[in-house]
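So you can see what is in the structure, the chains are spelled out below.
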Amino acid sequence: MANPLKPSDLKQSAINIKTRFVAISWRDLAISFGPIALLAIFAIWLAIKFIHPAPPSTITISTGSENSSFWKIAEKYRTILARNGIKLKIVSSEGSLDNLKKLSDPHSGIDVGFVQGGVAGDLPIDGLVSLGSISYVPVSVFYRGRERLDRLSELRGKRVAIGVPGSGSRVLALTLLKANEIELGGSTELLDMGGDEAAQALTDGTIDAAFLMGDSASPPTMIKLLHTPGISLLDFSQAGAYARRFSYLNELRIPKGLFDLGKNIPSRDIRLIAPTAELIARDDLHPALSDMLIDAAKEVHSGANVLQHAGEFPAPLAHEYPISEDATRYYKSGKSFFYRSGLPFWLASLVDRTLVVLLPIILLLIPGFKLVPLLYGWRIKSRIYRWYGALITLERAVATHTEEEQADLLQRLDRIEEGVNRMKMPLAFADQFYVLREHIGFVRARLQSRG
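Computed from a predicted structure; not experimentally measured.

Undergrad: Where do I start with the pairing of strand β2 (residues 58-62) in this structure?
TA: Each regular strand shows side chains that alternate between the opposite faces of the sheet. Where burial is concerned, most of β2 is hidden: 4 out of the 5 residues are buried. Judged from the 5 bridges that link them, β2 and strand β3 (residues 87-91) form a sheet pairing that is parallel. Residue pairing in the sheet places I61 in a bridge with I90 of β3. As a crossover connection, the stretch from β2 through helix α3 (residues 69-82) into β3 is right-handed. Here 2 bridges tie β2 to strand β4 (residues 112-116), and the two strands are oriented parallel to one another. Pairing of I61 across the sheet is with V112, part of β4.

Quick look at the structure:
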């Protein structure tokens, strides 16, 4: 039978208790909450690193010559963007090819521009994205003569105006003629002439054919040529083949009588090929500005005309340039909630960016608050369990110890008890503390009885 503890032993043990009982261990709580805090800080760092800053209040667009169709479109954009406090700076250019060159140069200061499909050629277009196609740009080839033409190869050996140098029209015309084995320096005389000049030369008979597209194919010029005797509009019988071979081309059909019902002009259905005009931007354009530009494009280009149905443009038609991720998101789901909620643009931008920072923190803290109490309890209990491990090891030695080892075992037990009595212990775990002390007393009594 184990000897009971003497009153003197109990008194001495009570005197030795130096444990600090506290309502909560702030140190353990801080250590328990530490991993969650570090994850939250890391999430904030990632959000700040990848979140876009506040959108700039000014963007620059490259269009075309002053009073060109692209210039007039940009002026409409400017009016629409101004409603939200965004200033659109319009820069004139020589046309689509010049716009593309400026966009390709990161030091040009150009953020966005109008580019006709089929003009990229060998230009570096890495870093450029499309915000969508905004309209068709039909390739209109007018020619003189009674003989009906329906293939570009039939222009071989003639005098053909292909547009002015630097224009997108000229680049596309050369590409299409090359596909028909007609190139500069050959038997076909390719003339750097476009617009009204080419139309007048065709009327005067000094040239045989003219490529007109974009601004060079203005409605007054087209109507004038269509009403001129001896001048016809080429019917692209191979329109489907062109659309298959060149990804940026589309097949269009002009029904007879479209331009003049009374005189039935044209007198038959005409097939045309047409690239699209695209709104091209640098890939670092702020998402909010991307949304606003597409919004403006919808307001300007979504109506119906002789070449398109209502709502057909703008459209995310991927041709030579990838559709930007922001544009893809816009075409699928529209502007983000705060931008369409009626808030001022600057406030919607602020709230949108703030949420991007707060959301990862909230997602981490919700499970974190559930995990912290478990970590906190585990830390407190781990100190108790550590002393239990030492106590169990000592108790196993009690059964086999010799008389010479008695004093050493008692010293070890005293050190265990002293360490336990010095612990800082939250009141919620006081019961486990006293149970541990009872077990220390039990081992002491057993050791003394063995002695």
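Next comes the rest of the description.
Undergrad: Sorry, what's going on with the sheet that holds strand β10 (residues 231-233) here?
TA: Pairing between sheet strands relies on hydrogen bonds along the backbone, with the strands arranged either parallel or antiparallel. Strand order in the open sheet formed by 5 strands is β8-β7-β9-β6-β10, and the pairing between neighbours is mixed. Two strands bound the open sheet, and with one partner strand each, they are β8 (189-191) and β10. Each strand of the sheet is rotated relative to its neighbour by a mean of 20°, with strand direction disregarded. Relative to strand β9 (residues 209-212), strand β7 (residues 159-161) runs parallel, the two sharing 2 bridges. By the bridge assignment, A161 is partnered in β9 with A210. Across the sheet, helix α7 (residues 219-226) touches β6 (140-144), β9 and β10, and the angle it forms with β6 is around 35°.

Cut-offs and rules
- Residues numbered from 1 in each chain as written.
- Predicted model: local features only at pLDDT ≥ 70, side-chain atom pairs only at ≥ 80, totals over all residues.
- Heavy atoms only, no water.
- Buried < 20%, exposed > 50% of the residue type's maximum accessible area, 1.4 Å probe, protein only.
- Helix = DSSP H or I, 4+ residues; strand = E, 2+ residues; numbered from the N terminus.
- Pairing = 2+ DSSP bridges.
- Right-handed = clockwise from strand over helix to strand, strands pointing away.
- Axes fitted to C-alpha atoms, helices over the stretch in contact; angles between N-to-C directions.
- Contact = heavy atoms within 4.5 Å.

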